[in-house]
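Below are the chains, spelled out letter by letter.
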Amino acid sequence: GTVVIGGGTGFIGSALSSLLKRNGYSVILVSRMPGPQRLSWTDLANEGLPKDCKAVVNLAGQNVLDPTRRWTPGFKQNVWSSRVHTNKALAKAITAADKKPEVFVTVSGVGYYKPSLTEEYTEDSPGGNFDFLSNLCTEWEAAAKLPAEIESSVRRVVIRSGIVLGRGGGMIQQLYIPFWFGLGGPVGSGLQPLPWIHITDMARLFHFAIEGKENKNLQGIFNGVAPNVVSNKDFTKSFASALRRPAFIPVPLFALNIAFGEERAKIMTEGQNVKPKRALEMGFRFLYPDIDSACKAIVGVKKHE
Ligand code: NDP
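Residues numbered from 1 in each chain as written. Predicted model: local features only at pLDDT ≥ 70, side-chain atom pairs only at ≥ 80, totals over all residues. Heavy atoms only, no water.

(A) Just the pattern of salt bridges, in detail. Within this structure, the stated rule accounts for 8 salt bridges. Its salt-bridge partner being Lys266, residue Asp131 comes within 2.8 Å of it at the nearest N-O pair. One end of the pair, Asp131, is in the loop between strand S6 (120-121) and helix H4 (132-142); the other, Lys266, is in helix H10 (residues 262-269), with 135 residues separating them in the sequence. On the accessibility criterion, Lys266 (25% relative accessible area) is partly exposed. (Salt bridge = Lys/Arg side-chain N within 4 Å of Asp/Glu carboxyl O. Helix = DSSP H or I, 4+ residues; strand = E, 2+ residues; numbered from the N terminus. Buried < 20%, exposed > 50% of the residue type's maximum accessible area, 1.4 Å probe, protein only.)

This is the structure:
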């Protein structure tokens, strides 16, 4: 079958596309840039989903942590609408399709849960209503809803992702060079939790959600995080030691707040202890459950395929 991936050109999308192709799927990306095996968002609106579409995934979204973009109202609007509108566009295409796909998988963030040094969160925990990012998660997830008569026939999965660690994208791409020069260090006190997942496990979790495996009813919210959450300080130690570099220069909070704006610097200055309760219950096995094995794997490869 064919899997359609909105924003599939990105960091998570590339890893997922290769994994799906290795498992015998054909993949069509929805992208703002034309190319082979691609649809534009306008093509999608006009022509709809390809005929043999088994699954639809959405990973599109303006990069929140782009250090070259200031946290202005205009940029925030882009961050918001690139996620909400693309989910809506795909939901609309699914609604219009004669033959429905089996499953619609979208991504959201653990920013749904309130940063805390003490709380532990599962998919049952409340959240989604206390700041810009948490409200975005709520609307982003809601934008993937299908009309009632279709909700019952298309499985829907939402993966609330932690910080995805891997080469070629996400946070590691920003940290690699300073850490390589021995200029890495914990953010602030370093005590804040860092909810993380290795890119390979992230792609595998999407694949797991698409197939539903023997669990044909697999649906709902899944926290996309490794089972062993670490503190920011422990991550720093582990990554630096995999690179064989020191990392004792702390990054002051005020510097991140000035560079990124307080609202999004939170992703680095604060954190939430999130558990992948449902993935474990459903029998998902993590290849990289602990931070040391994940950091070693990241340092040992050029790109995750
Ligand atoms: P990337 O930035 O690597 O890729 C996202 C893709 O979205 C891009 O390749 C681009 O595709 C598309 N895109 C970017 N801006 C826009 C826009 N303004 N309008 C429409 N499409 C746009 O992201 P990741 O792969 O790292 O993440 C994928 C999703 O997962 C994102 O929504 C992100 O918020 C979420 N997530 C990621 C985490 C991480 O640590 N990486 C953590 C938590 C959530 P093209 O240029 O082809 O149109």
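(B) Up close: the packing of helix H6 (residues 170-180) against helix H8 (residues 232-242). Running from amino to carboxyl end, H6 crosses H8 at an angle of 60°, the nearest separation of the two axes being 11 Å. Here H6 runs over H8; the crossing is right-handed. Between H6, through Met171, Ile172, Leu175, Tyr176 and Phe179, and H8, the contact on the second element is made entirely by Phe235, Thr236, Phe239 and Ala240. Classifying every residue of the contact of H6 with H8 gives 8 nonpolar, 1 polar and no charged. (Axes fitted to C-alpha atoms, helices over the stretch in contact; angles between N-to-C directions. Left-handed = near helix turned anticlockwise from the far one by under 90°. Contact = heavy atoms within 4.5 Å. Nonpolar A, V, L, I, M, F, W, Y, C, P; charged D, E, K, R; others polar.)

(C) Just the site of the ligand, in detail. Taken together, 20 residues form the shell around the ligand, and within it Thr9, Phe11, Ile12, Ser31 and Arg83 come nearest. Ser31 places a side-chain nitrogen or oxygen 2.5 Å from an oxygen atom of the ligand. Gln62 is positioned with one of its side-chain polar atoms (N or O) 3.0 Å from a nitrogen atom of the ligand. Relative to its free-state accessible area of 890 Å², the ligand is covered by the protein chains to the extent of 81%. (Near = heavy atom within 4 Å. Polar contact = N/O pair within 3.5 Å; in protein donor to acceptor, adjacent residues only side chain to side chain. Areas by Shrake-Rupley, 256 points an atom, 1.4 Å probe, with all protein chains shown as cover.)

(D) Examining helix H1 (residues 11-22) more closely. Along its 12 residues, H1 runs 17 Å from first to last C-alpha, staying within 8% of the 16 Å computed at 1.5 Å per residue. Elements in contact with the buried residues of H1: strand S1 (2-6), strand S2 (26-30), strand S4 (53-58), strand S8 (163-165) and helix H7 (199-211). Downstream of H1 by a residue or two, Gly24 has a phi angle that is positive, lying close to 90°. (Expected span 1.5 Å × (residues − 1).)

(E) Region of the structure containing a nonpolar patch on the surface. On the surface, Ile177, Trp180, Phe181, Leu183, Phe248 and Ile249 cluster together to form a nonpolar patch covering roughly 700 Å² of accessible area. Among the secondary structure elements, Ile249 is positioned in the loop between H8 and helix H9 (253-260). (Patch = residues over 30% accessible without salt bridge, like charges linked within 9 Å, V, L, I, M, F, W, Y side chains within 5 Å.)

(F) Region of interest: the sheet that holds strand S5 (residues 103-109). Spatial ordering of the open sheet is given by S3-S2-S1-S4-S5-S7-S11, a layout of 7 strands whose pairing is parallel. Each edge of the open sheet carries a strand with a single partner, namely strand S3 (38-39) and strand S11 (220-224). Strands in contact with H7 are S1, S4, S5, strand S7 (155-161) and S11; relative to S7, the strand with the most contacts, it is inclined by about 165°. (Pairing = 2+ DSSP bridges.)

(G) Summary view of the packing of aromatic side chains. This structure, assessed with the given rule, holds 11 aromatic pairs. An angle of 90° between the planes, with centres 5.4 Å apart, marks the rings of Trp71 and Phe132 as edge-to-face. Placement of the pair is Trp71 in the loop between S4 and helix H3 (73-96) and Phe132 in helix H4, with a sequence separation of 61 residues. Of the two residues examined, Trp71 and Phe132, each falls in the buried class. Aromatic pair Phe208 and Phe284: ring centres 5.3 Å apart, planes at 70°, arrangement edge-to-face. Placement of the pair is Phe208 in helix H7 and Phe284 in the loop between helix H11 (277-281) and helix H12 (291-300), with a sequence separation of 76 residues. Here Phe208 falls in the buried class, since its relative accessible area comes to 9%. The side chain of Arg83 reaches across the aromatic face of Trp140, ending 5.0 Å from its centre. (Phe/Tyr/Trp six-rings, centres within 6.5 Å; stacked < 30°, edge-to-face > 60°. Lys NZ or Arg CZ within 6 Å of the ring centre and 35° of its normal.)

(H) Seen up close, unusual backbone geometry. With a phi close to 55°, Gln37 is a non-glycine residue in the positive phi region. Positionally, Gln37 belongs in the loop between S2 and S3.

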